[in-house]
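Fold and contact review
If you want the building blocks of each chain, they are given just below.
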Amino acid sequence: MASVIPAKDKKRLEVKLGELPSWILMQDLVIATGIQRGYYWYYNKYIDVKKGSISGLTMVLAGYMLFRYCLSYKELKHKQLRRYQ
């Protein structure tokens, strides 16, 4: 007889389509906790220091610019190809 595993303890590939909404809601707290820990780690390491500099904010800006470039890469590539043809 097959054992019944709670949806919370299942891995991503073991979750059935009908169990997906409840599994996501159970995992949401874990994701939010990880984001919060990352934010506090970054803030304590680069922003809230005795001898602070602009480097912490510069890294955020550079990350944002890289993220936006990745999102618009397809359109930029299309424009470049069209320009030289």
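Residues numbered from 1 in each chain as written. Predicted model: local features only at pLDDT ≥ 70, side-chain atom pairs only at ≥ 80, totals over all residues. Heavy atoms only, no water.

To continue, consider the overall build of the protein. On a plain count of helices and strands, the protein comes out with 3 helices and 0 strands. Mapped in sequence order, the helices and strands of the protein form the string α-α-α. Within the span of the protein, comprising 85 residues, buried residues form 8% of the whole. Element-wise, carbon and sulfur atoms account for 64% of the exposed surface of the protein, whose accessible area totals about 8,400 Å². (Helix = DSSP H or I, 4+ residues; strand = E, 2+ residues; numbered from the N terminus. Buried < 20%, exposed > 50% of the residue type's maximum accessible area, 1.4 Å probe, protein only. Areas by Shrake-Rupley, 256 points an atom, 1.4 Å probe, with all protein chains shown as cover.)

Okay, the environment of Gly56 next. Inspection of the secondary structure puts Gly56 in helix H2 (residues 55-71). Remark: the alpha-carbon pair of Gly56 and Tyr46, spanning 10 residues in sequence, is separated by 5.0 Å.

So, about the packing of aromatic side chains. Enumeration over the complete set of coordinates arrives at 5 aromatic pairs. Aromatic pair Trp41 and Tyr46: ring centres 6.2 Å apart, planes at 85°, arrangement edge-to-face. Overall, the relative accessible area of 51% leaves Trp41 in the exposed class. Overall, Tyr46 belongs to the partly exposed group, its relative accessible area being 26%. Clustering of aromatic rings is evident, with ring pairs tying together Tyr39, Tyr40 and Tyr43. (Phe/Tyr/Trp six-rings, centres within 6.5 Å; stacked < 30°, edge-to-face > 60°.)

It is worth stressing that arrangement in space is one thing and function is another; only the former is reported here.
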